[in-house]
Amino acid sequence: MQELKFATHTPSLRRITLQRLTIRSFKGCRELTLHLDGRSASIYGDNAAGKTTVYDALTWLLFGKDSSGAGKFNVKPLSPEGEVKDHAAETSVEAVLEADGQSVTLRRTYKELWTKKRGRSEASFDGHTSEYFYNGLPVQKQDFEARVGQRCDEQTFRTLTDVRWFCTGESEANRRNTLFALIGGVSEEEVLASNPDFAPLEEALSGLSVEEYKAAAQKQRRTLQARSRSIPERIDEQKRTVAEYQNVDFDSLRRQRAELAAKESEAKAELDALNSDSALVVLRERKKALSAQLDALEQRNTAHRHAQREPGQLHHLNREMRGILDELSRMDEDQRREDEEAKLEQSAIDELRARWHGLKAEQNEAQAKTFDGADDTCPTCGQKLPPEMVEQHRERWEQEHARLMEKLAAEKQDCITWAKRHSDRVKELEQRKKERLERRKELEQRQAELTKESEVLKGQQVTDLPGYEKESFELEEQIRVVGEQIRAAEEGSNAARSVARKKLAELTDQIRRLDSMLACEGILNSALDRVQELTDQLRDVGAEVERLDALLDLCDRFTRAKADYIDSKVNARFRLVRWKLFEEQVNGGVRDCCVATVNGVPYADLNSGMKINAGLDVIRTMSAAKRVTVPLFIDNAESVTRLEGVDTQVIRLVVSEEDKELRAEVLK
């Protein structure tokens, strides 16, 4: 037998050892008892002799699963045809464990239930039943599982008893979490403090994690790059404006404008002189005075004609007529508004009437319902309910029925109340319409009377002022003569004024064109300022992108440093295995992974012996971390020439062709 090597016992660990294991009618094993007394052992047997069954029996006893973690597997012995050999046999596994110096006996059974029904000669199969025993006393399944879990939970037991489980059976995420738990986590502050080059990054974080800051910085960098791509185009646009106006001699344009402005002033003075001819001024003043005399005569004559009528009577009639027309207009507007309101009120009445009839039908339907006793049957089992429960149902139904009837009656009354309010409003509007019609008749009658009185007043005979026609004719004739004199004087100077106005217009147009050209100087200066501003922005954006690139590079360096830091702390806990926890990607980043390696060779590519020793290294570390040791099973142990030392009970499962039945050798 191969020599087993173990580390020195660590007293601080909680030790769980297997003292005795008894198996009956479990899988291919009819009966087997192993007396291990907490010592390591080797179990020899040919292929299919039942070595793995021993391991399966212990995991089934503790957790109801086989050694691979499957909850559904054939527990009972089967015939070569795949049928149960003995339906009456009871499957049982009993283990005596020593935990923390105390002996604990656990036992689990599994058997078929057969009952003989009345009137039948043969028993029928009714399923399976399991029983659980703790130190010889029967307990419930939950109590059994709780007592087992107090000593070692299923996940820990599987990790510490199966040399292959943690490296292959466990999920990669769970492996990483377990390994990180070994080192108690790594804070970013710890990694940042490990290298003074990370000081700028630490200052820039401002309470964010490195990953959060990296995402924010990348977003900011993309925004800045988008700006930097658009700025050159805007600079070129402004430079085209500069190129368009930079060769213009604005000083020369200003001198030309000053010369033209002087000429414009001379032209205006010349035109003003032509327009201010003294003879024309006298004639125009004479015509203006005559026109004023004629206007005054007309006003006196109008006042004279008005004075011949009854003073203020026509004015009073007109004012009263306007009042009547205003009132009729207001009455028309009020009537249109109230007609619309009456339509809305009537629509509301119709809706309430329809609602009332609907409630009435619902009330009649509810009134016709009675308690029919349909609720006297249990909805779950279908049996009749006791009379007191039926009476409770009846009282509850009657209460709900009464509340429904009260609710419907109240809603009907609300319909009646509101319908009456709307109806009263309609009646009020109709009465106001009737009163308005009567008032309209009165106003129209008074309007007709005023019209007749006005016509009578307008028909009275009135006369002009004495001498009005003669004086008016003379004034009009004088105005005509002065007008002809003005036209004759104007004809002599029109040509000169036309030339002066044309000259002035040409000078004004030339000045306006020069002003437009001079305005381009402001456009040029604005474009030059904008070019400088955009150039400064481009420089600042470039500097900010460079700063962010440096910080993003530090983020990547931090990520790799953190990965190396975690790798070193995790791998320091192992003797043989080295864990690859991060994988560098093509883009320079790192991806999470969790692969066990030995001397750089991935676990999947190791030979069988090295896989077992790697698993032993993992179990040694995990036992120390979890402060517990449990019996360790090593299947195919013959493939290992030298086992890594572990401080726990080791049970080797060795293939031996000559051992057709299991044979156990216990270390002294």
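Residues numbered from 1 in each chain as written. Predicted model: local features only at pLDDT ≥ 70, side-chain atom pairs only at ≥ 80, totals over all residues. Heavy atoms only, no water.

K.L.:
Explain the overall build of the protein chain residue by residue, including any values.
P.N.:
Scanning the protein chain for helices and strands turns up 14 helices and 14 strands. Relative to the compact-globule value of 26 Å for 668 residues, the protein chain shows a C-alpha radius of gyration of 58 Å, a clear excess of over 25%. On the principal axes, the C-alpha backbone points of the protein chain span a range of 165 × 100 × 45 Å. The 668 residues of the protein chain split such that 35% are buried. In the protein chain, 71% of the contacts between residues at least 6 apart in sequence involve partners at least 24 apart. For the protein chain, the exposed area adds up to about 40,300 Å²; of that, 49% sits on carbon and sulfur atoms. Counting 108 positive and 122 negative side-chain charges, the protein chain places the centres of these two groups 3 Å from one another. (Helix = DSSP H or I, 4+ residues; strand = E, 2+ residues; numbered from the N terminus. Rg over C-alpha atoms; globule rule 2.2 N^0.38 Å. Buried < 20%, exposed > 50% of the residue type's maximum accessible area, 1.4 Å probe, protein only. Contact = heavy atoms within 4.5 Å. Areas by Shrake-Rupley, 256 points an atom, 1.4 Å probe, with all protein chains shown as cover. Lys, Arg positive; Asp, Glu negative; His and termini not counted. Charge placed at Lys NZ, Arg CZ, Asp CG, Glu CD.)

K.L.:
Please set out the nonpolar core residue by residue, giving values where relevant.
P.N.:
Soluble globular proteins tend to pack their nonpolar side chains together in the buried interior. Core analysis: the largest hydrophobic core is formed by 97 residues, its most contacted members being Leu21, Leu106, Leu179, Trp579 and Ile634. The greatest single-element share of this core, amounting to 13 residues, is contributed by helix α13 (residues 468-571). Of all hydrophobic cores here, the second largest spans 16 residues; its members include Val242, Leu271, Leu514 and Leu518. (Core = buried A, V, L, I, M, F, W, Y, C linked by side-chain atoms within 4.5 Å.)

K.L.:
An account of the side chain of threonine 559 is requested, with residue identities and associated values reported.
P.N.:
Here threonine 559 shows up in helix α13. The buried category is assigned to threonine 559, whose relative accessible area is 17%. The residues touching threonine 559, leaving out its near neighbours within four places in the chain, are Glu211 and Val590.

K.L.:
Let's hear about unusual backbone geometry: which residues, and what values?
P.N.:
One non-glycine residue with positive phi stands out, namely serine 25, at about 50°. By the element assignment, serine 25 lies in strand β1 (residues 14-26). One non-glycine residue, serine 206, adopts positive backbone phi at about 50°. Judged by its relative accessible area of 65%, serine 206 is exposed.

K.L.:
Before we move on, can you summarise the pattern of salt bridges with the specific residues and values?
P.N.:
Counted under the stated rule, the structure contains 47 salt bridges. Across the pair arginine 39 and aspartate 37 runs a salt bridge whose closest N-O atoms are separated by 3.6 Å. Judged by relative accessible area, arginine 39 falls into the partly exposed class, the value being 30%. Residue aspartate 350 is joined to arginine 353 by a salt bridge in which the shortest nitrogen-to-oxygen separation is 3.4 Å. Placement of the pair is aspartate 350 and arginine 353 together in helix α11 (residues 313-368), with a separation of 3 residues, close to one helical turn. By relative accessible area, aspartate 350 is classed as partly exposed at 39%. Counted as one network, the salt bridges with shared partners bring together Glu90, Arg107 and Lys111. (Salt bridge = Lys/Arg side-chain N within 4 Å of Asp/Glu carboxyl O.)

K.L.:
Hey, could you go over the sheet that holds strand β3 (residues 41-45) for me, with residue numbers and the actual values?
P.N.:
By definition, the strands of a sheet pair up through backbone hydrogen bonds, in either a parallel or an antiparallel sense. The 4 strands lie next to each other as β12-β13-β3-β14, forming an open sheet whose pairing is mixed. Here the strands that pair on one side only, and so sit at the sheet edges, are β12 (632-635) and β14 (663-666). Taking the axes of each pair of neighbouring strands and ignoring which way they run, one obtains an average angle of 20° across the sheet. Looking at chain direction, β3 and β14 are connected through 4 bridges and run antiparallel. Across the sheet, residue serine 42 finds its bridge partner in β14, namely glutamate 665. (Pairing = 2+ DSSP bridges. Axes fitted to C-alpha atoms, helices over the stretch in contact; angles between N-to-C directions.)

K.L.:
Please set out the packing of helix α3 (residues 154-161) against helix α14 (residues 608-626) residue by residue, giving values where relevant.
P.N.:
Two numbers describe how α3 lies on α14: the axes approach to 9 Å, and their chain directions differ by 145°. Side by side, α3 and α14 meet where Thr156, Thr159 and Leu160 of the first sit next to Ile619, Met622, Ser623 and Lys626 of the second.

K.L.:
I'd like a rundown of the pairing of β3, residues and numbers included.
P.N.:
Here β3 lies mainly inside the structure; 5 of its 5 residues are buried. Here β3 shows a buried face lined by Ala41, Ile43 and Gly45 and a second buried face lined by Ser42 and Tyr44. Sheet topology note: the β3/strand β13 (residues 650-655) ladder contains 5 bridges and is parallel. Bridge assignment links tyrosine 44 to a residue of β13, and that residue is valine 654.

K.L.:
For the packing of helix α1 (residues 51-63) against α3, give the residues involved together with the corresponding values.
P.N.:
The N-to-C vectors of α1 and α3 enclose an angle of 165°; their axes lie 11 Å apart at closest approach. Viewed along their axes, α1 and α3 adopt a mutual orientation that is roughly antiparallel. Taken as a pair, α1 and α3 cross one another with a handedness that is right-handed. Residues Tyr55, Leu58, Thr59, Leu62 and Phe63 of α1 lie in contact with α3, whose contacting residues are Glu154, Phe157 and Thr161. The class makeup of the residues in the contact of α1 with α3 is 5 nonpolar, 2 polar and 1 charged. (Parallel < 35°, antiparallel > 145°, perpendicular 65-115°, else oblique. Left-handed = near helix turned anticlockwise from the far one by under 90°. Nonpolar A, V, L, I, M, F, W, Y, C, P; charged D, E, K, R; others polar.)

K.L.:
Report on helix α8 (residues 210-245), specifying residues and quantitative values.
P.N.:
Between its terminal C-alpha atoms α8 stretches 52 Å, which fits the 52 Å expected from 36 residues at 1.5 Å a residue. Listing the buried residues of α8 in full gives Val210, Tyr213, Lys214, Ala217, Leu224, Ile231, Ile235, Val242 and Tyr245. (Expected span 1.5 Å × (residues − 1).)

K.L.:
Residues and numbers for the state of the cysteines, please.
P.N.:
A complete count under the given rule lists 0 disulfides for this structure. A disulfide-free cysteine, cysteine 593 has its sulfur positioned 7.3 Å from the sulfur of cysteine 594, the nearest such atom. On the basis of relative accessibility, which here comes to 3%, the residue cysteine 593 falls in the buried class. (Disulfide = S-S within 2.5 Å.)

K.L.:
Which residues make up the confidence of the model for the protein chain, and what are the values?
P.N.:
Detailed reading of predicted coordinates is not advised where the pLDDT is low. Taken over all residues, the pLDDT of the protein chain has a mean of 83, while the share at 70 or more is 90%. Below pLDDT 50 for its whole length, residues 1-11 participates in 32 contacts with residues either more than four positions away or in separate chains. (pLDDT = per-residue confidence, 0-100.)

K.L.:
Account for the sheet that holds strand β10 (residues 601-602), naming residues and giving values.
P.N.:
Strand order in the open sheet formed by 3 strands is β8-β9-β10, with antiparallel pairing between adjacent strands. Lying at the two open borders of the sheet, with one neighbouring strand each, are β8 (578-584) and β10. Sheet topology note: the strand β9 (residues 590-598)/β10 ladder contains 2 bridges and is antiparallel. Counterpart to valine 598 in the pairing with β10 is valine 601. Along the sheet, helix α5 (residues 172-182) contacts β8 and β9; its crossing angle with β9, the most-contacted strand, is approximately 80°.

K.L.:
Explain the packing of aromatic side chains residue by residue, including any values.
P.N.:
All told, the structure shown has 8 aromatic pairs when counted by the stated rule. With a centroid separation of 5.3 Å and 55° between ring planes, the pair formed by phenylalanine 63 and phenylalanine 157 is classed as tilted. On the criterion of sequence distance, the pair formed by phenylalanine 63 in helix α1 and phenylalanine 157 in helix α3 is long-range, its members being 94 residues apart. Pairing phenylalanine 574 with tryptophan 579 gives two aromatic rings, centres 6.0 Å apart and planes at 65°, and the pair type is edge-to-face. Among the aromatic residues, those joined into a ring-pair cluster are Phe26, Trp60 and Phe73. Geometry around tryptophan 60 places arginine 108 over its ring, the cationic atom sitting 4.8 Å from the centre. Note that arginine 421 overlies the ring of tryptophan 418, its terminal NZ or CZ placed 4.5 Å from the centroid. (Phe/Tyr/Trp six-rings, centres within 6.5 Å; stacked < 30°, edge-to-face > 60°. Lys NZ or Arg CZ within 6 Å of the ring centre and 35° of its normal.)

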